[in-house]
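Given next are the chains, with one letter for each unit.
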Amino acid sequence: MNRSLSLSGLLLAMTLGPALAVAGEVSLSGEGSVRYQPDSARLQFTASAEHELPQRATEQVAEMMGQWREGIAEYQPQLQDYTDAMVNLYSRTLPSSERGEEPRQRAVASQTVSFEIRDLSLLNPLLEQAQAIGMNYHLGAGQFFHSDEAGLEQQALAKAIADARARCEFVARELQSSCGDVVSINVNGGFRPVPVMMAEAKGRS
């Protein structure tokens, strides 16, 4: 899975200083991009259960969480910013199957686990464990990132500046002039979409 970080619309307003004329200004755009593979992910799994009795629904979620903690024990030290402390409990009304029937209430308990991984080789075993227990999760493009995105952005910016400067030098040569100092810079950055990475794991479930 490749991802591209691009910085485009970089405007360099440079002075053009001919030897025997008044210096002028020209605005030029440059673009730089860096292709890379994400090496980290933010993950979230939810254990949920429902029952007529709130206590029983809560117990079922606690059982699922016990299985989860036991199943990921060997990976636990590698999970960053791990949290799973809060349990949510609410009730929902079931639709009546017959006219005049009293609506029934069901208690729903849920507990969410969230963390980050900096090693994507952990992704498959964690997904398999969540699937085996019956936990819910969503895996999308926005959950994958690179641990040094700031450094990648600087690389893309350096390429965009070099591109704009090269264009300035070309224009200056055509005008029999030369590039002077940079007057102003406007930076616009953006990401391209990322394909879903683990579709095959969800397919096996």
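Caption draft 1: View of the nonpolar core. The biggest cluster of nonpolar side chains holds 29 residues, and the ones touching the most others in it are Leu-43, Phe-45, Trp-68, Phe-115, Ile-117, Leu-126 and Met-135. Among the elements of the structure, β3 (40–51), α1 (54–71), β6 (104–117) and α2 (123–133) are those that each provide at least two residues to this core. The contacts of Leu-126, once residues within four sequence positions are left out, are Leu-43, Phe-45, Trp-68, Ile-72, Tyr-75, Leu-79, Phe-115 and Ile-117.

Caption draft 2: Fine view of the side chain of Asp-84. Considering the arrangement of structural elements, one finds Asp-84 in the loop between β4 (79–83) and β5 (87–94). Overall, the relative accessible area of 13% leaves Asp-84 in the buried class. Among the polar contacts made by the side chain of Asp-84, one reaches the side chain of Arg-69 at a distance of 3.1 Å. In contact with Asp-84, not counting residues within four places along its chain, are Met-65, Arg-69, Gln-111, Thr-112 and Val-113.

Caption draft 3: Local environment of helix α3 (residues 149–174). With 26 residues, α3 ought to run about 38 Å at 1.5 Å a step, and its terminal C-alpha atoms sit 38 Å apart, in line with that. Among the residues of α3, Gly-151, Leu-152, Ala-156, Ala-160, Ala-164, Cys-168 and Ala-172 are the ones counted as buried. The first or second residue beyond α3 is Gln-176, which carries a positive phi of 55 degrees.

Caption draft 4: Spatial organisation of the pairing of β3. Pairing geometry for β3 and strand β8 (residues 144–145), over 2 bridges, is antiparallel. The residue bridging Ser-40 from the neighbouring strand is Phe-145, located in β8. Relative to β6, β3 runs antiparallel, the two sharing 11 bridges. Bridging across to β6, Ser-48 finds its partner in Ser-110. The sheet contact formed by β3 and strand β7 (residues 136–137) spans 2 bridges and is antiparallel. Bridging across to β7, Phe-45 finds its partner in Tyr-137.

Caption draft 5: Main features of the environment of Gln-131. Along the chain, Gln-131 turns up in helix α2. Taking the C-alpha atoms as reference points, Gln-131 and Phe-45, 86 residues apart in sequence, are found 9.8 Å from one another.

Caption draft 6: Highlighting the packing of aromatic side chains. For the structure on display, the rule yields 5 aromatic pairs. Between Phe-45 and Trp-68 the ring centres are 5.3 Å apart and the planes differ by 45 degrees, which places this aromatic pair in the tilted class. Of this pair, Phe-45 sits in strand β3 while Trp-68 is found in helix α1, placing the two residues 23 residues apart along the sequence. Both residues of the pair, Phe-45 and Trp-68, belong to the buried class. One aromatic cluster is present, built from ring pairs that chain together Phe-45, Trp-68, Tyr-82, Phe-115 and Tyr-137. Against the face of Phe-145 rests Arg-42, its NZ or CZ located 3.9 Å from the ring centre.

Calculation rules
- Residues numbered from 1 in each chain as written.
- Predicted model: local features only at pLDDT ≥ 70, side-chain atom pairs only at ≥ 80, totals over all residues.
- Heavy atoms only, no water.
- Core = buried A, V, L, I, M, F, W, Y, C linked by side-chain atoms within 4.5 Å.
- Buried < 20%, exposed > 50% of the residue type's maximum accessible area, 1.4 Å probe, protein only.
- Helix = DSSP H or I, 4+ residues; strand = E, 2+ residues; numbered from the N terminus.
- Contact = heavy atoms within 4.5 Å.
- Polar contact = N/O pair within 3.5 Å; in protein donor to acceptor, adjacent residues only side chain to side chain.
- Expected span 1.5 Å × (residues − 1).
- Pairing = 2+ DSSP bridges.
- Phe/Tyr/Trp six-rings, centres within 6.5 Å; stacked < 30°, edge-to-face > 60°.
- Lys NZ or Arg CZ within 6 Å of the ring centre and 35° of its normal.

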